[in-house]
Amino acid sequence: MNLAVLLDQAATRHAGLPAVCLGTETLWTFAQLHARVGAIAAALRADHAPGARIALCSENRPEYVELLFGIWAAGLVAVPVNYKLHAREVRQIVEDAGAALAFASPGLAPDLQQALPCPVIALDGAAYRALLAPAPLQIAPVAADALAWLFYTSGTTGRSKGAMLTHGNLLAMAVAHLADIEPELGPQCSQLHGAPMSHGSGLYLLPSLARGARQVVPASHGFEPDEFLALCDTHPGSGAFLAPTMVQRLREALAARGGRRPRQLRCIVYGGGPMYLQELRRAMDAFGPVFAQIYGQGETPMTITGLTRADHGSADAQQLASVGWPRSGTEVAILGAQGAPLPAGEPGEIAVRGATVMAGYWRNPEATAQALPQGAGGWLWTGDIGVLDHGGRLSLRDRSKDVVISGGSNIYPREVEEVLLTHPGVAEACVVGAPDAQWGEVVVAYVVVAPGLPQDAAALDAHCLAHIARFKRPKRYVFVDALPKNSYGKVLKRALRELDAQREAPQG
Ligand code: AMP
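Residues numbered from 1 in each chain as written. Predicted model: local features only at pLDDT ≥ 70, side-chain atom pairs only at ≥ 80, totals over all residues. Heavy atoms only, no water.

Asks: What is the right way to read the overall build of the chain from this model?
Replies: Of regular secondary structure, the chain possesses 17 helices and 24 strands. For the chain, whose C-alpha radius of gyration is 23 Å, the value lies close to the compact-globule estimate of 23 Å for 508 residues. Overall, the chain is about 70 × 50 × 50 Å in size when its C-alpha atoms are taken along their principal axes. For the chain, the residues scored as buried account for 56% of the 508 residues in total. Partitioning the intrachain contacts of the chain with sequence separation of at least 6 by distance along the chain shows that 66% fall at a separation of at least 24. As displayed, the chain offers around 20,000 Å² of accessible surface, 54% of which is attributable to carbon and sulfur atoms. Across the chain, the centroid of the 42 positively charged side chains sits 2 Å from that of the 45 negatively charged ones. (Helix = DSSP H or I, 4+ residues; strand = E, 2+ residues; numbered from the N terminus. Rg over C-alpha atoms; globule rule 2.2 N^0.38 Å. Buried < 20%, exposed > 50% of the residue type's maximum accessible area, 1.4 Å probe, protein only. Contact = heavy atoms within 4.5 Å. Areas by Shrake-Rupley, 256 points an atom, 1.4 Å probe, with all protein chains shown as cover. Lys, Arg positive; Asp, Glu negative; His and termini not counted. Charge placed at Lys NZ, Arg CZ, Asp CG, Glu CD.)

See below:
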């Protein structure tokens, strides 16, 4: 089934209801959105053969919604690109995807028109308006394995690769979301796009729009905590996907304005990076029982395991620190180096099988063979290390590349980070391994201290000694003003390791 059918069905049922809002204003009803998508699909179909790739380079904007559905209805493939990338990096992605056309927001279009090898249509320009000549919505029939979205990875570990997501993958993702995480979604709900629509938030369009929820794009086109809180006061049944760093900023903004919970806030789904227990507890205190967690990756979009809002009610700290249970229709295993499943309690690489798993990496057979050694339909090796308990609950340790092996013992940086973050003097912490002649590797902690508090390595050492095994505690502390992060707010451990190697290199 073509994903555009989801829009067609929602528009048939909810024609007069708000479909897309900018800030507090309704821009288009479902009937109007349906008409615009029909026009865009007809225009794109006239110029592009089925399967052509169309790049989207834009901050969060209402046009994202109509372009995605227009591209799918025409039988084409969307290539959403992180708008914070440098024009040179956008070019790499557009070239890799072999995109025939790019849409760009007004701020980005002039640079991209110079940098990209394909035509670029600015979202506010005459060429865009010309696409909107009325035409009935015609939806191209597609097979379940037809490509819908080339999902370029955020590139925390090297050059970005295009995960090939099919119509079948995204449909399975949407259905699993409705089954597990937000079954209540309906026309009484709003989906707020605070996180980038090129990434996590864009995927949430599908289940929410399918159920008749309105899509709300902040007028700032991004994530401004105060604006976001105000939108949660305005739009009925507000829900959003937010990265853990955004949740933290939202909580701080709420505290700064006196702590009154937004009137309409229904659900915050967090994921895409570690949410430390300490921060989760603070956020739950501030916002109440609105949190759900998903663990996923671009290669199996937002669908590996999850914790529902009810699961967050548990008093069990291990449960809150875990990533929960396998999602509906998803099989999860912990595999040893040779590919055999490991028993409960033993850490190994997390592997996933099911209808959400990508078809492979676009034009990259080597990377595909590494991630999907048995081909499409086999296990996806996620590159994450985790452990399943006897009740089938998954706890994430770290990316396999981030595990520190010191004196033959595996040390999971996240465990050390969790402990450091419980110290009142620590605002942010990131733990990496550094080469060491005696131990192979040693643990090094990069720490941002809380405002006004001292850089006190001895106090942090004592704190670690009190909470974790001796061999896991950092051998060195480096105090920094900020941690290097990518544009989705994920800490770049690779960059930190490189920085550390430079710091430690003998001078002269
Ligand atoms: P991306 O493909 O850019 O979304 O990155 C996916 C990676 O982010 C996963 O492989 C994990 O390492 C990490 N990740 C995703 N969800 C979570 C989560 N709920 N908790 C901790 N890490 C996560």
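Continuing now.
Asks: When you look at the site of the ligand in this model, what are you seeing that I'm missing?
Replies: Near the ligand there are 17 residues, and of these Gln 293, Gln 297, Gly 298, Asp 384 and Lys 490 occur at the shortest range. Here His 199 contributes a side-chain N or O atom positioned 3.3 Å from an oxygen atom of the ligand. Measuring from an oxygen atom of the ligand, one finds a side-chain N or O atom of Gln 297 at 2.8 Å. Coverage of the ligand by the protein chains reaches 89% of its 500 Å² of free accessible surface. (Near = heavy atom within 4 Å. Polar contact = N/O pair within 3.5 Å; in protein donor to acceptor, adjacent residues only side chain to side chain.)

Asks: For this particular structure, what's the right way to read the sheet that holds strand β17 (residues 348-354)?
Replies: By way of backbone hydrogen bonds, the strands of a sheet pair with one another, either parallel or antiparallel. Spatially, the four strands line up as an open sheet ordered β16-β17-β18-β19, and their pairing is antiparallel. Unpaired on one side and paired on the other, β16 (330-335) and β19 (394-399) mark the two borders of the sheet. Averaged over all adjacent pairs, the angle separating strand axes in this sheet is 45°, with direction ignored. Relative to β17, β16 runs antiparallel, the two sharing six bridges. Bridge pairing in β17 places Leu 335 opposite Glu 349. (Pairing = 2+ DSSP bridges. Axes fitted to C-alpha atoms, helices over the stretch in contact; angles between N-to-C directions.)

Asks: For this particular structure, what's the right way to read helix α17 (residues 493-504)?
Replies: What sets the pattern is the α-helix's 3.6 residues per turn: residues three or four places apart point alike. With 12 residues, α17 extends 16 Å between its outermost C-alpha atoms, agreeing within 8% with the 16 Å of an ideal straight helix rising 1.5 Å per residue. Taken residue by residue, α17 has Lys 493, Leu 496 and Asp 500 as its buried positions. One face of α17 carries all of its buried residues, which in axial projection span an arc of 55°. Taken together, the buried residues of α17 touch β19, α15 (413-421), β22 (426-436), β23 (440-449) and β24 (476-479). (Expected span 1.5 Å × (residues − 1). Arc of directions from axis to C-beta.)

Asks: Explanation requested: the pairing of strand β12 (residues 265-271) in the structure shown.
Replies: Successive side chains on a regular strand alternate, one facing one side of the sheet and the next facing the other. With seven of seven residues buried, β12 is to be regarded as a mostly interior element. When strand β11 (residues 238-242) meets β12, the two strands line up parallel, connected through five bridges. Within the sheet, the bridge partner assigned to Ala 240 lies in β12 and is Ile 268. When β12 meets strand β13 (residues 291-297), the two strands line up parallel, connected through four bridges. Paired with Ile 268 across the strands is Phe 291, a residue of β13. After leaving β12, the chain enters helix α12 (residues 277-287) and then returns to the sheet as β13, a path that is right-handed. (Right-handed = clockwise from strand over helix to strand, strands pointing away.)

Geometric descriptors of this kind do not, in isolation, establish any biological role.
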